[in-house]
Amino acid sequence: MVDYRIDRRSGVATYVQIVQQTKQAIRLGLLAPGDKLPTAREVVEATAVNPNTVLKAYRELEREGLVEARRGLGTFVRRSLGAAPADSPLRAELEDWAARARESGLEREDVAALFTAVLETHYPEQAAHAASAHTPQGDPS
Amino acid sequence: MTVPALEADALGKRFGRRAWALRDCSFRLPAGRVCAVVGPNGAGKSTLLALAAGLLAPTEGTVRVLGAHPATARPRVGFVSQDKPLYPQLTVAETLRMGADLNPGHWDADTAHRAVAGGDLDPGRRIRALSGGQRTRVALALALGKRPELLLLDEPMADLDPLARHELMGLLMGEAAAHGTTVVMSSHVVAELEDSCDHLLLVGGGQVRLSGAIDDLLAAHTRVTAPAGADLAPHEVVESRTTGRQLSAVIRPSGPLPDDWRAHTPSLEELVLSYLRNPAAPAPAPAPEILEAAV
């Protein structure tokens, strides 16, 4: 199950936050193919965001082929994303690395900066794509 | 389907011989929207809502509610006014029972109870002994229990604490999601409505200054930073200020912008404030009806 947390100060449009958090949950294996997303009503009762915002996010996920709406039943996850379930060996290695980074005195921001830098070296195109996907409503300033 | 939830045409209201509280207001609100009525104190928000609820008669012009005269539409409309009128001598439980008796056949007891349940309210407590926020819960419970097609709420969140505000706003959004209820709520705190509303009615000086889908309104405006002395023509200027060597403005672009200007989409609050600070700013041309119908 996924529990959306909306950060109004992030500058990222609310529907984009829902899209990103759903993808994150799918990527981590918290949502698996066949799982049902919460209904729009459940999401808006918990977050107080506009129902159309949730529907817009779900339509976007559907357009990307990640979920499908089944009439009268709800919205279901269609496929998994990436190959990094929460319990993979890669995650264990990263856990190990993060623990060592902390032991050697790195601050949270240092680790995030380092990780982002390495990520961008190995995934240059995707980083640019992700940034452009946010611009329509997000305010870069 | 295409009947608007609320439609005003040259609507005006004057109390006695005093100045006009509202004048020459024309707008339409499609059904199923969650609409924020925003404006400074004394702008005419409450007058507008009372006209829509059929509690006031227009001095001129017309207002139609769910395609009908406000008095005819009343059984399908829930209205919570700013002073939350309730019977002080009744208990919470008696008030809800009254709601059930007054709305035979379409009383949603479950939703009404959920609205009061979050407040730790003793059902045996009399209304007169409740705090302002608790009274708001009971008034909202009555309005929601009626299962209206249109909910008119005048400053509904004003005396609620942040937790209750979030919870009740969630409940309202849940009703809108489940039943397609159109919600119209006024506030002078824009930030509090930004995530919940998809439609805006900006009232100022007795006039409707802006009306439309929030996404469309934001997309039609641009916040620009340009070198001081830059010529903003032919764009329509809502607000412009020069600080030192820099000019910042909120405009409605009517063509491409020069390369040396920095352009951003304004936030809802920036947009609203720019109009309120500049009462003489021109109102945008109303969206063609065909666009509203297509949504």
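For chain A, an unreviewed UniProt entry supplies the name GntR family transcriptional regulator and the organism Streptomyces thermodiastaticus.

Draft legend 1. Just the sheet that holds strand 13 (residues 262-264) of chain B, in detail. All names here are of chain B. Pairing is antiparallel across the open sheet formed by 4 strands, whose spatial order is 11-12-10-13. In this open sheet, the two edge strands, each paired with only one partner strand, are strand 11 (236-243) and strand 13. Across this sheet, the average inter-strand angle for adjacent strands is 20°, counted without regard to direction. The pairing of strand 10 (residues 222-227) with strand 13 spans 3 bridges and is classified as antiparallel. Within strand 13, the position partnered with Thr225 by the bridge is Arg262.

Draft legend 2. Here's a closer look at the interface of chain A and chain B. Contacts between the two partners involve 20 residues from chain A and, on the opposite side, 23 residues from chain B. Both sides of the chain A and chain B interface together cover about 1600 Å² of buried area, and 43% of this is carbon and sulfur. Among the residues of chain A in contact with chain B, Arg41, Glu45 and Ala48 of chain A are the three that bury the most area, contributing 33% of the side total. Counting the contacts that link chain A with chain B gives 4 salt bridges. Linking chain A with chain B are 10 residue pairs in polar contact (both at pLDDT 80 or more). For the side of chain A that touches chain B, the secondary structure elements donating two or more residues are helix 2 (40-47) and helix 3 (51-63) of chain A. The biggest single contributor to the side of chain A that touches chain B is helix 2 of chain A, with 6 residues. Here the residues of the side of chain A that touches chain B sort into 9 nonpolar, 6 polar and 5 charged.

Draft legend 3. Looking closely at the packing of aromatic side chains. Counting across every chain of the model gives 0 aromatic pairs over all chains. Positioned over the ring face of Phe76 of chain A is Arg70 of chain A, at 4.1 Å from the centre of the ring. Its end group placed over the ring of Trp20 of chain B, Arg23 of chain B keeps NZ or CZ at 3.9 Å from the ring centre.

Draft legend 4. Representation of empty space enclosed by the protein in the model. Residue and element names in this part refer to chain B. Summed over all chains, the structure comprises 2 cavities of 30 Å³ or more. Residue classes in the lining of the largest cavity are distributed as 9 nonpolar, no polar and no charged. Empty space within the second largest cavity amounts to approximately 40 Å³. What lines the second largest cavity is Leu6, Phe27, Arg28, Leu29, Cys35, His199, Leu201 and Ser211. Mapped by element, the contributors of at least two residues to the lining of the second largest cavity are strand 2 (20-29) and strand 8 (199-204). Top contributing element to the lining of the second largest cavity by residue count: strand 2, with 3 residues.

Basis of the calculations
- Residues numbered from 1 in each chain as written.
- Chains lettered and ligands numbered in written order.
- Predicted model: local features only at pLDDT ≥ 70, side-chain atom pairs only at ≥ 80, totals over all residues.
- Heavy atoms only, no water.
- Pairing = 2+ DSSP bridges.
- Helix = DSSP H or I, 4+ residues; strand = E, 2+ residues; numbered from the N terminus.
- Axes fitted to C-alpha atoms, helices over the stretch in contact; angles between N-to-C directions.
- Contact = heavy atoms within 4.5 Å.
- Buried area = accessible area lost by both parts, 1.4 Å probe.
- Salt bridge = Lys/Arg side-chain N within 4 Å of Asp/Glu carboxyl O.
- Polar contact = N/O pair within 3.5 Å; in protein donor to acceptor, adjacent residues only side chain to side chain.
- Nonpolar A, V, L, I, M, F, W, Y, C, P; charged D, E, K, R; others polar.
- Phe/Tyr/Trp six-rings, centres within 6.5 Å; stacked < 30°, edge-to-face > 60°.
- Lys NZ or Arg CZ within 6 Å of the ring centre and 35° of its normal.
- 1 Å grid on protein atoms, 1.4 Å probe; cavity = no way out; pocket = protein on both sides within 12 Å on 5 of 7 lines; lining within 4 Å.
- Points joined across faces, edges and corners; volume = space filled by probe spheres on them.

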